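# Geometric and topological summary
Take a look at the letters that make up each chain.
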Amino acid sequence: MLPLLVFVVVVFDLPVLRMLSLSFQSDAGVWGAYQELFSSSAYLLVILNTFKMALATALACGVFGYVLAYWIYTLQAARLRTAVLALVGLSFWISILVRTYAWIVVLGNNGIVNRLLLDLGLVESPLPLIYNELGVLVGTVNLLLPLVVLPLYANMSGVDRRLTQAARSLGAGEARVFWTVFFPLTLPALLAGTMLVFILTLGFLVTPAILGGNRVPMIATVLDSLINVLSDWQLAAALSSILLLMTLGFYMVHKQLTSASQAGGRA
């Protein structure tokens with residue numbers, strides 16, 4: 001275990017500690033970088049917008065991911081189930097950059113969707129589907145949806161079918177069986193998947209930069225500007241530290257909710 005411990009300390013822990021220490025080395029004083037962040041409405045709006053996009057992505061992935069995973073779970077043909085799972089997993093083999101640029105071809109002003117709508121006469125001018133929050137949301141959901149679908153399906157497959165059969169034998173309808181037996185047993189996996197999506201979205205850079213067109217400021221894009229354009233390492237470190245602390249806070253809340261849901265399921 002020693003080589004692994006050394007690797008984690010050198011590659012992860014030391015850079016994080018360096019980042020935290022750098023955030024207190026501002027020319028304006030120990031708390032200068034943090035004061036600049038919290039006194040500027042622009043940075044506060046960036047933080048708020050980032051969490052809004054992360055929450056929207058997590059909710060969308062949770063809803064669509066659960067529906068898709070449940071549909072795969074209910075497929076009777078084993079070959080069809082395997083084929084659909086392969087299609088979902090195939091997305092991991094495609095570059096994030098390629099998948100992001102593909103949405104420009106689909107949603108752009110001259111893209112497939114707008115061309116179809118114009119040809120059908122449903123709109124008179126192209127709809128603004130990218131370079132806004134909608135485009136970023138579509139891109140992030142597309143990239144992160146498999147991270148919810150695959151664990152959820154694995155969790156659903158592990159549910160003891162005798163529990164749902166027992167509920168039906170006692171007179172429960174399909175809706176009641178689902179909401180009182182099946183859904184509580186799969187809720188921890190759903191919470192874990194959506195929290196993972198939420199945390200990953202907080203640090204997304206490529207998708208907001210491409211599909212947002214610099215019109216959807218998020219923490220990662222602002223950090224890129226602070227480091228590569230302004231070279232303000234102290235302010236960038238302070239913003240990163242705030243993001244880290246908030247992420248840890250949300251993770252602790254997630255652990256509490258997961259523990260409560262598991263306790264309720266056992267009860």
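These lines cover the structure that appears in this document, whether it is placed above or below.

The rules behind these values
Residues numbered from 1 in each chain as written. Predicted model: local features only at pLDDT ≥ 70, side-chain atom pairs only at ≥ 80, totals over all residues. Heavy atoms only, no water. Core = buried A, V, L, I, M, F, W, Y, C linked by side-chain atoms within 4.5 Å. Buried < 20%, exposed > 50% of the residue type's maximum accessible area, 1.4 Å probe, protein only. Helix = DSSP H or I, 4+ residues; strand = E, 2+ residues; numbered from the N terminus. 1 Å grid on protein atoms, 1.4 Å probe; cavity = no way out; pocket = protein on both sides within 12 Å on 5 of 7 lines; lining within 4 Å. Points joined across faces, edges and corners; volume = space filled by probe spheres on them. Nonpolar A, V, L, I, M, F, W, Y, C, P; charged D, E, K, R; others polar. Contact = heavy atoms within 4.5 Å.

As a further point, take the nonpolar core. In terms of nonpolar packing, the biggest core is built from 48 residues, with Tyr66, Leu152 and Leu239 touching the most fellow members. Breaking this core down by element, the ones donating at least two residues are helix H2 (32-39), helix H3 (41-74), helix H4 (78-90), helix H7 (133-157), helix H9 (174-202), helix H11 (219-228) and helix H12 (233-266). Take this core: its biggest share by element is 12 residues, from H3. In this structure, Trp103, Leu129, Ile130 and Ile210 belong to the second largest nonpolar core, which totals 6 residues.

Bringing the layout of surface pockets into the picture now. Of the volumes computed, that of the largest pocket is approximately 330 Å³. Lining the largest pocket are 15 residues, with Leu55, Ala58, Leu59, Thr194 and Met195 positioned closest to its centre. Of all the secondary-structure elements, those providing two or more residues to the lining of the largest pocket are H3, H9 and H12. Considering each element in turn, the lining of the largest pocket owes the most residues, 6 residues, to H3. Partitioning the lining of the largest pocket into residue classes produces 12 nonpolar, 3 polar and no charged.

With that out of the way, let us pick up the environment of Val159. Topologically, Val159 is positioned in the loop between H7 and helix H8 (161-169). Take Val159: its relative accessible area is 10%, and that puts it in the buried class. Residues Val159 and Leu68, spaced 91 residues apart in sequence, show a C-alpha to C-alpha distance of 17 Å. Setting aside residues no more than four positions away along its own chain, Val159 makes contact with Phe182, Leu185 and Thr186.

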